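# Descriptive structure summary
What follows is the residue order along each chain.
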Amino acid sequence: MAENDLINQKILRVLSDDGRISNIDLADQVGLSPSACLRRVQELERNGTISGYRAVINPVAVGGGFTTYVTVGLNSHTKSSQEAFERAITRSPEVRECHNITGSVEYLLRVEAPSLTAYKTFHTEILGVLPQVNSITSYVVMGSPKDTRA
């Protein structure tokens, strides 16, 4: 089986939209028999192309709803400074995503909090006191007309 052939691409596209689709429905959508489709999905899982399945949670329904993207610049560009920052961020449940990026800052975070007040607490009492942090810029999400994260 070709690792990135058109059928596998179709399987991945369908599963990224609906990870709970039955194998029979998936097979029907991609034009395979259920057994052939299941073999392909299992191989995609085995080789790490599919690394997991997740539920998409409505943040408002669980007490969230205030989303902010935050850029963080570090005061030192050493490996140890980055590792210390990443360890600290991993312990912060408000941080839903942390990306090491190129450009004028080192990190882009997606932060979810219940309110502006809760975000301010995170900003000043968690992020703002990390010794590696040199700059913080917040971008408050006002709406999300397209969001295909799984």
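Residues numbered from 1 in each chain as written. Predicted model: local features only at pLDDT ≥ 70, side-chain atom pairs only at ≥ 80, totals over all residues. Heavy atoms only, no water.

A tally of helices and strands in the chain yields 5 helices and 4 strands. Element order for the chain, N to C, with α for helix and β for strand: α-α-α-β-α-β-β-α-β. The C-alpha radius of gyration of the chain comes to 20 Å, more than 25% above the 15 Å expected for a compact globule of 150 residues. Each principal axis of the C-alpha atoms in the chain carries an extent, and together these give about 55 × 35 × 25 Å. Looking at the chain as a whole, 30% of its 150 residues are labelled buried. Within the chain, counting contacts between residues at least 6 apart in sequence, those at least 24 apart form 61% of the total. Surface summary for the chain: the accessible area is close to 9900 Å², and the carbon and sulfur share equals 52%. Side chains of the chain give 15 positive and 16 negative charges; the mean places of these two sets differ by 1 Å. (Helix = DSSP H or I, 4+ residues; strand = E, 2+ residues; numbered from the N terminus. Rg over C-alpha atoms; globule rule 2.2 N^0.38 Å. Buried < 20%, exposed > 50% of the residue type's maximum accessible area, 1.4 Å probe, protein only. Contact = heavy atoms within 4.5 Å. Areas by Shrake-Rupley, 256 points an atom, 1.4 Å probe, with all protein chains shown as cover. Lys, Arg positive; Asp, Glu negative; His and termini not counted. Charge placed at Lys NZ, Arg CZ, Asp CG, Glu CD.)

Quick look at the packing of helix H1 (residues 6-17) against helix H2 (residues 23-30) now. Their axes nearest at 10 Å, the elements H1 and H2 cross at an angle of 130°. The angle between H1 and H2 falls in the class oblique. Classified by chirality, the crossing of H2 by H1 is right-handed. Here Lys 10, Ile 11, Val 14 and Leu 15 of H1 come into contact with H2, specifically with Leu 26, Gln 29 and Val 30. Classifying every residue of the contact of H1 with H2 by side-chain character gives 5 nonpolar, 1 polar and 1 charged. (Axes fitted to C-alpha atoms, helices over the stretch in contact; angles between N-to-C directions. Parallel < 35°, antiparallel > 145°, perpendicular 65-115°, else oblique. Left-handed = near helix turned anticlockwise from the far one by under 90°. Nonpolar A, V, L, I, M, F, W, Y, C, P; charged D, E, K, R; others polar.)

A separate point is the environment of His 77. With respect to the helices and strands, the residue His 77 is situated in the loop between strand S1 (66-74) and helix H4 (79-90). When the C-alpha positions of His 77 and Gln 132 are compared, they lie 9.3 Å apart, and in sequence the two are 55 residues distant. A polar atom in the side chain of His 77 sits 2.8 Å from the side chain of Glu 106. (Polar contact = N/O pair within 3.5 Å; in protein donor to acceptor, adjacent residues only side chain to side chain.)

What follows deals with the pattern of salt bridges. This structure, assessed with the given rule, holds 6 salt bridges. Here Glu 112 makes a salt bridge to Arg 96, at a shortest N to O gap of 3.9 Å. Placement of Glu 112 in strand S3 (residues 107-113) and of Arg 96 in strand S2 (residues 95-100) is noted, with a sequence separation of 16 residues between them. For Glu 112, a relative accessible area of 23% puts it in the partly exposed group. (Salt bridge = Lys/Arg side-chain N within 4 Å of Asp/Glu carboxyl O.)

Here we come to the pairing of S2. In the sheet, S2 pairs with S3 via 5 bridges, with the strands oriented antiparallel. Directly across from Val 95, in S3, lies its bridge partner Val 111. Taking the residues that link successive antiparallel strands as the turn, the S2-S3 hairpin has 6 residues, and the phi of Gly 103 there is positive, at about 120°. (Pairing = 2+ DSSP bridges.)

The values reported here are purely geometric and, on their own, carry no functional implication.
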